[in-house]
Amino acid sequence: KAQAQELVDEARATYKEQLAAQRKVSYLIGVALGIGLLAVLQLALHAAIGSLNGVITEQFALQMVLFAGMGTLASVLTRIGQFKVETYATRSLVVISGASRPLVAAFVAFAAYAFLRSDLATVTVNGTNVSDVQNATFIYLSAAFLCGFSERFGRHVIDQASSAFGGAPASYSPTKRLGSD
């Protein structure tokens, strides 16, 4: 009986390992699908860019989408071994989760760009405010990459912009007491 239980436990452990590996592959497939969806986003931007009155060019919008996608891909590839995919998560849920990541990165990158351009969020690079830099293209593209690579970076920019409007930061929780961190 003990030997049978040992075999069952070993089979369960092997199954969990295989399932986790399959879910990681599904997540990567989802990320690739999400990056493909960025192309659809770019087509939508192509139609809408003209109504923005020169705020952003089509070429720069494409660069922003690419950099946000590259940041997401770099993040996922460097951390895929650390991902803890729950065994109860369905394959489609894992694919959707992966596909949403590059899209969210692109949306946050455009929001960060708008916030940075409008001075709602102040970011300094080497002691210089980004809005004071003559040609900040590379800074905006770096910010787009970071929005894909680090969710905390995008949240920080959005929190700063929210504060400029007098709102609470996105990370604010009304039930959280001060000093309870």
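Here the structure is shown first, and the text comes after it.
None of the values given here were measured: they were computed from a predicted structure.

On inspection of all chains with the given rule, the structure shows two salt bridges. Linking arginine 12 and aspartate 9 is a salt bridge whose minimum nitrogen-to-oxygen distance equals 4.0 Å. Residue arginine 12 and its partner aspartate 9 are located together in helix H1 (residues 2-48), separated by three residues, close to a single helical turn. What makes aspartate 9 partly exposed here is its relative accessible area of 38%. Between arginine 101 and glutamate 151 there is a salt bridge, with the nearest N and O atoms lying 3.7 Å from each other. A residue pair is termed long-range when its members are at least 10 positions apart, and arginine 101 in helix H3 (residues 91-118) and glutamate 151 in helix H5 (residues 151-164) qualify at 50 residues. We classify glutamate 151 as exposed; its relative accessible area is 57%.

The subject of this paragraph is the environment of tyrosine 27. Its location among the elements puts tyrosine 27 in helix H1. What makes tyrosine 27 buried here is its relative accessible area of 11%. Sequence separation of tyrosine 27 and arginine 91 is 64 residues, and the distance between their C-alpha atoms is 8.4 Å.

Each value, and the rule that gives it
Residues numbered from 1 in each chain as written. Predicted model: local features only at pLDDT ≥ 70, side-chain atom pairs only at ≥ 80, totals over all residues. Heavy atoms only, no water. Salt bridge = Lys/Arg side-chain N within 4 Å of Asp/Glu carboxyl O. Helix = DSSP H or I, 4+ residues; strand = E, 2+ residues; numbered from the N terminus. Buried < 20%, exposed > 50% of the residue type's maximum accessible area, 1.4 Å probe, protein only.

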